[in-house]
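# Inside the fold
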Amino acid sequence: MADAITAKARAIYGKRLTKEDYNNLLHKSGVSGVVAYLKTTERYRAAFANVNENQIHRGQVEHILEKQVFELYDKLIRFISADKDSFCSYMIKELEIKQIVSALVHINASQKDGYLREMPAYLADRLSFDLMKLSKASSWEEVLDVVSDTPYHKVLKPLLKGSQTGERLDECSVALYSYFIKWAFKAIDREYKDDEAKSLKEIFLRQSDLSNLMICYRKKSLFNEDKEQIKKSLYEYYYRVTPAVIDDILSQQDADKRLLYLLNKLYLKDKIECDPMFLEISVRRYNSSFFKKQLSFTSNGTMALYSLMGLCQVERSNLQKIIESARYERLPEETEKLLVY
Amino acid sequence: MAIEKMALVHIEGTLKRVNKALIKCCESNCFHIITSSKGGDGGKGFRALKSKSPFAPIMNRAMALADGLGIEIKKADYDDIDMNVTIDFDNYYKDIESRYNNLFEQKLKIEEALKDHSTSLMQVEKMAGLDTDFRDIFACKYVKLRFGRLPVDSVLKLDYYDDKNFICYHFKEENGYSQILYVTPAADAVEIDDIFDSLFFERIHLPDYIKGDADEAKTELLKLVKEENENLETVKAKIGALKLEVEDDFLKVTSKLASIDQSYDLRQNVAAVNNKFFMSGYVPKRKLKEFTESVESVGDVRVIEKPVDSEPNSSPPVLLHNCWLFRPFEMFVKMYGLPNYKCFDPTPYVAVTFMLIYGIMFGDLGQGILITVLGIILDKWKHVKLAPVMQRIGITSAVFGTLYGSVFGNEEIIKPFFKIPSVYEALGYSSAPKDIFQVSTVLLIAAIGIGVVLVLISMAMNIVTNIKTPNWLSEAVISPNGIVGMIFYASAAVGAALTLGLGINVFTPVYIICLIVLPLVLMFLKEPIVSFFNKVLRPKAKADTSNIVHAVKTYSDAVAELKSVNESEILLDKLTGLGFVKAQYGSVSLDGYKKISSAVDGDYVFYPFQSDESNVYGVYIAPVKEMPVIERGFAALGFKKMKMPEHIEDIRKEQNLHLSDYMAEAVKKEHKSVGSFIIEGFIELFEGCLSYVTNTMSFLRIGGFILSHAGMMLVVSTLAGSEMSVKYILVQILGNLFVIGMEGFLVGIQVLRLEFYEIFSRFYKGDGKPFCPLVTTFEPND
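Residues numbered from 1 in each chain as written. Chains lettered and ligands numbered in written order. Predicted model: local features only at pLDDT ≥ 70, side-chain atom pairs only at ≥ 80, totals over all residues.

## Re the overall build of chain B
Looking only at helices and strands, one finds 28 helices and 14 strands in chain B. Considering chain B as a whole, with its 782 residues, one finds that 35% of them fall into the buried category. Counting contacts in chain B only where the partners sit at least 6 residues apart, residues at least 24 apart contribute 78% of the total. (Helix = DSSP H or I, 4+ residues; strand = E, 2+ residues; numbered from the N terminus. Buried ≥ 20, exposed ≤ 12 C-beta atoms within 10 Å, placed from the backbone. Contact = placed C-beta atoms within 7 Å.)

Now the structure itself:
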């Protein structure tokens, strides 16, 4: 079955948007132009088939793109495992965490129906808590109540109980994603052996490393936050960016340069041009090339699925940027710099 | 063989007759126009005629009208149409337009109404179950109602807004959307509309003429759609009647208009001076008299025949003319490329070999007749281009099928040739072979024999084609497809046949040295032999400084030529020193280069420096006084002036440097080393020898397909069984059809492959240009 999944994943990846497609999309005027073009591509034809591109809203396009990635994942995991605790259900877990964090962010910003507008209603039957109840939650206690029957309650309770401000929002996010990594490691240990388990775990450790570097960059360089405070918002999973390396970055006066140097040395290996202005893009580029490599050479079905989903997210992110540019009439050359091929 | 003989004609006359002359040329269907050498820069005082057609806008109107009326535009005889000026045509089309436009507007209105009703009907159908009258809904003053569709994902989110002041009705859910109607007080409409907008609601505006509830509205709309469809049919019928009424005249008038309009486009090929026009073109020789009479009937126009190759910028086009038997095979020749006008048409050779090889490979009396019948049907019914070929190859297939004794795979009805005692005894069998598989060795040897003969014929054709060309030595004599190659190939083949077949060993030392080794050595040394011949044996170029044209192809040849000329005659320093000489560097086509001495008059020297596949690059030097005349002469040959390269300028500046010294120096740089000569020579020789073997072996497929056909028919007969039954008949019919469809097609491809790769590659260059006579076309103008 692993071979079949790998082959299927590669076939799906083969239908990705090409550079020529991106070039055409960049020169489309307005969201309707972008949607009209996507309707002509094999990959998005079905997703946009019944959409009226002349009336569609940018938010709806983004919803459709997110839903399309999820439906693709949903279709593929049926070939691997139906067990909801298996590692392959990682995307459901990830989406659950994303919904909780999003709801908390909107509550914190006092946007009454903000989360509702973003809420992916198609996940309503798939998550371990009531999505509608979450959308109606107006305080942190109500959020805790919604997730009371889930493992997230245990993670969030110490952080949210009695807290009414957004001071601990970052910590909540880190705690939830740390829980996710912990869960993933357990599932991997349970289901995979030796090299397969090692390579799957490595993905998470790499992501944790890159996330930590990004957090350091934002908090140190942009907001100049306190070293100890920054450390609290980091994931406690390390691969190449060890606590010593983090200490080293945070101790530097010119953290930017040090961080770029380490990012290059540890991950990008000078293959990707790294500019502090486009740090996020550089990391996405790294992820993209890493997943492409994995998808090309792996014989592990789960790894192929994970890589394909990673690449789909990269493509979705590219399209979001194109749609945003089309909506706000940005120059194609500027938007092109933000795309990852 | 069968390339239509062409005549080059110059047509000249008074300028006011140019359009009429062009129209006559179009009508003749046999005039291939070329850009006159007198046009452009080619002749003193000549200018190319270029003018915008005043008929173009009318032509566009005519085409639009034809489109609207549904008239299929085709050429019609317009002798009886007495319209010549724009106003005549304008009035004619205006009259039809006034009648058509009225109907067209009615049609547009009805189509628009039909579209509206259909859209409304589609929306109303989705609201099945709505029991409120639409008129009441539209009449509401204090509540707002919105029809539209909401993504299914957003429907769930409506629960969140339970406390808001609106009521939402759901009708039908399809394609990820839910058809809804929401009602809200006018006072809250802005807020509610905003909520629905955020949920990606797409509003649909229903027309206010809808009345009754959803079912009644649907019935009413269906009635309206039906009425409009009837109206549309009525208008279409009226347009059809108008078409019938005007069609014949319309086609005649439009044909004439197209001819006149097109004559303006063709003017760009016509040169004019003062009050006269000149144009040139090719006409098939057998139609020349008829053409001349037709064009000269215009009055004040003369048709003058010139030598066919006297036009410097053009070579005659090729029109194949074969008898009915060979004509369908012209398709394959055209597919590969038309022959050069000066070469011969290989169509008869292709036709004979194609029919013969196909027949041998797919020999079956029944199936051959079936292919012929199918070819006749397809030709009459669908005019398929391949059908006449099918008719012919079907017959040869039937003939060879009779020889093989095969009728729809059954080999018992007719006695096969290999079962005739005198034949099988001659083939070395003591008793009659049971089936064709037992004579497979003989078949394969025969296939190679056919290959050898065809390759030798192709080589002979190459020799005949090239023997009169300037490159006869390298192409017709010392080449793998020339006399030397032919001797080697024939000797090797005959020697092998005699030794292996009859046990006569002819490979004696004399035989090997004279007929095998010597040809190989000659082919290996082809380049130095040709070079030596060019230097020593060819007639030397004229040594004076006027009209020197070096008939050379390569840079090295040019140097050799220059060296053979008395150097004192070509000292550039002397020429430049005199101060009355001017030089012009540039390129000229190979054809133009060959015609320099005949086409350019005056005192000049042309030094070719380099050449590529299509052009010769060089410099002409002439006295300043003569330069304008010389320049015109070169321009007429298509000489393209180019900036003088730096090193040529240097020569002119360096007073003591001889041109030949400079060129000899340059040649040294590209001089081949002995090592590279040996390697290149060996590889070319190896490639040539390899091609003899592979080309010959390629013919094995002829024998292979005979056996494959027999094998496939054996499978069919095994599947059918031996007892006559429905199954037997069914399997025989389907099996035979399958074999004809698949193997018949495959054999066709294989034969074509043999023609193109094994035969054509040895002698044929498809570099001819097609004969394209002027014809009236019906295209709107830009």
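## A word on the overall build of chain A
A tally of regular secondary structure across chain A gives 17 helices and zero strands. For chain A, the proportion of its 341 residues judged to be buried stands at 35%. The contacts in chain A between residues at least 6 apart in sequence include a share of 61% that link residues at least 24 apart.

## A short note on the pairing of strand β6 (residues 177-185) of chain B
Pairing geometry for strand β4 (residues 143-151) of chain B and β6(B), over nine bridges, is antiparallel. When the sheet's bridge partners are listed, Gly148(B) is paired in β6(B) with Ile180(B). (Pairing = 2+ DSSP bridges.)

## What to know about the sheet that holds strand β7 (residues 202-204) of chain B
Residues and elements named next belong to chain B. The four strands are arranged β5-β6-β4-β7 in an open sheet whose pairing can be described as antiparallel. Among the strands making up the open sheet, the edge pair consists of β5 (167-174) and β7. If you compare each strand with its neighbour and ignore which way they point, the axes differ by 30 degrees on average. Direction of pairing for β4 relative to β7: antiparallel, over a ladder of three bridges. Its bridge partner being in β7, Arg149 is matched across the sheet by Glu202. (Axes fitted to C-alpha atoms, helices over the stretch in contact; angles between N-to-C directions.)

## Remarks on the interface of chain B and chain A
Contacts between chain B and chain A engage 13 residues on the former and 16 residues on the latter. Considering every element that reaches the side of chain B that touches chain A, the biggest residue donor is helix α5 (residues 152-157) of chain B, with four residues.

## Points about the packing of helix α10 (residues 347-361) of chain B against helix α12 (residues 387-404) of chain B
Residue and element names in this part refer to chain B. Taken N-terminus to C-terminus, the directions of α10 and α12 make an angle of 45 degrees; their axes are 7 Å apart at the nearest point. By the angle between their directions, the pair α10 and α12 is classed as oblique. Crossing handedness for the pair α10 and α12: right-handed. Contacts between α10 and α12 involve Met355, Leu356, Tyr358, Gly359 and Ile360 from the first element and Arg392, Ile393, Thr396, Ser397, Val399 and Phe400 from the second. When grouped by side-chain class, the residues that make up the contact of α10 with α12 number seven nonpolar, three polar and one charged. (Parallel < 35°, antiparallel > 145°, perpendicular 65-115°, else oblique. Left-handed = near helix turned anticlockwise from the far one by under 90°. Nonpolar A, V, L, I, M, F, W, Y, C, P; charged D, E, K, R; others polar.)

## So, the packing of helix α11 (residues 194-222) of chain A against helix α13 (residues 243-251) of chain A
Residue and element names in this part refer to chain A. In the contact formed by α11 and α13, the axes pass within 11 Å of each other and the chain directions differ by 20 degrees. By the angle between their axes, α11 is roughly parallel relative to α13. In the packing of α11 onto α13, the handedness of the crossing is right-handed. Touching Asn212, Cys216 and Lys220 of α11 are Ile246, Ile249 and Leu250, all from α13. For the contact of α11 with α13, the residue count by class is four nonpolar, one polar and one charged.

## Digging into the nonpolar core
Residues and elements named next belong to chain A. Within the largest apolar cluster, 92 residues are counted, with the highest numbers of intra-cluster contacts made by Val143 and Leu305. The biggest single contributor to this core is helix α16 (residues 301-327), with 13 residues. Here this core spans two domains, and each of domain 1 (86-190) and domain 2 (192-270) adds at least three residues to it. If near-sequence neighbours (up to four positions away) are discounted, Leu305 is found in contact with Ile5, Ala9, Leu76, Ile80 and Cys88. (Core = buried A, V, L, I, M, F, W, Y, C linked by C-beta atoms within 7 Å. Domains from an automatic or database assignment.)

## Examining unusual backbone geometry
Residue and element names in this part refer to chain B. Despite not being glycine, Asn175 has its phi angle at roughly 55 degrees, a positive value. Examined against the element boundaries, Asn175 turns out to sit in the loop between β5 and β6. With 9 C-beta atoms counted inside 10 Å, the residue Asn175 sits in the exposed group. Within the chain, Phe408 stands out as a residue other than glycine whose phi angle is a positive 50 degrees.

## Concerning helix α15 (residues 279-297) of chain A
The end-to-end C-alpha distance of α15(A) is 27 Å, a good match for the 27 Å that 19 residues give at a rise of 1.5 Å each. Along α15(A), the residues that are buried comprise Leu279(A), Ser282(A), Val283(A), Arg284(A), Arg285(A), Tyr286(A), Asn287(A), Ser288(A), Phe291(A) and Leu295(A). (Expected span 1.5 Å × (residues − 1).)

## What about the confidence of the model for chain B?
Residue and element names in this part refer to chain B. Mean pLDDT for chain B: 82, with 86% of residues reaching 70 or above. Considering only residues more than four positions removed or in separate chains, one finds that residues 539-579, a stretch of pLDDT under 50, has 66 contacts. Counting contacts from residues 648-660, a segment whose pLDDT is below 50, to residues more than four positions away or on other chains yields 23 contacts. Across the assembled chains, the prediction reports ipTM 0.84 with pTM 0.57. (pLDDT = per-residue confidence, 0-100.)

## Quick notes on helix α11 (residues 365-381) of chain B
Residues and elements named next belong to chain B. Across its 17 residues, α11 extends 24 Å between first and last C-alpha, which sits within 8% of the 24 Å expected from 1.5 Å per residue. Listed as buried for α11 are Leu365, Gln367, Gly368, Leu370, Ile371 and Gly375. Its buried side turned inward, α11 meets α12 and α28 (726-763). A positive backbone phi angle near 55 degrees is found at His383, which sits one or two residues after α11.

## Re the environment of Pro284(B)
All names here are of chain B. Summarising the element assignment, Pro284 is placed in strand β9 (residues 276-284). Each C-alpha atom, one on Pro284 and one on Ala7, is 6.0 Å from the other, the two residues being 277 residues apart in sequence. When neighbours within four sequence positions are excluded, Pro284 is seen to be in contact with Glu4, Met6, Cys30 and Leu319.

## A word on the environment of Ser587(B)
Residue and element names in this part refer to chain B. For Ser587, the position within the fold is in strand β11 (residues 581-589). The buried category is assigned to Ser587, around which 20 C-beta atoms lie within 10 Å. Taking C-alpha positions, Ser587 is 9.8 Å from Ser614, a pair spaced 27 residues apart along the chain. Non-local contacts of Ser587, meaning those with residues more than four positions away in its chain, are made with Asn615, Val616, Tyr617, Lys640 and Met642.

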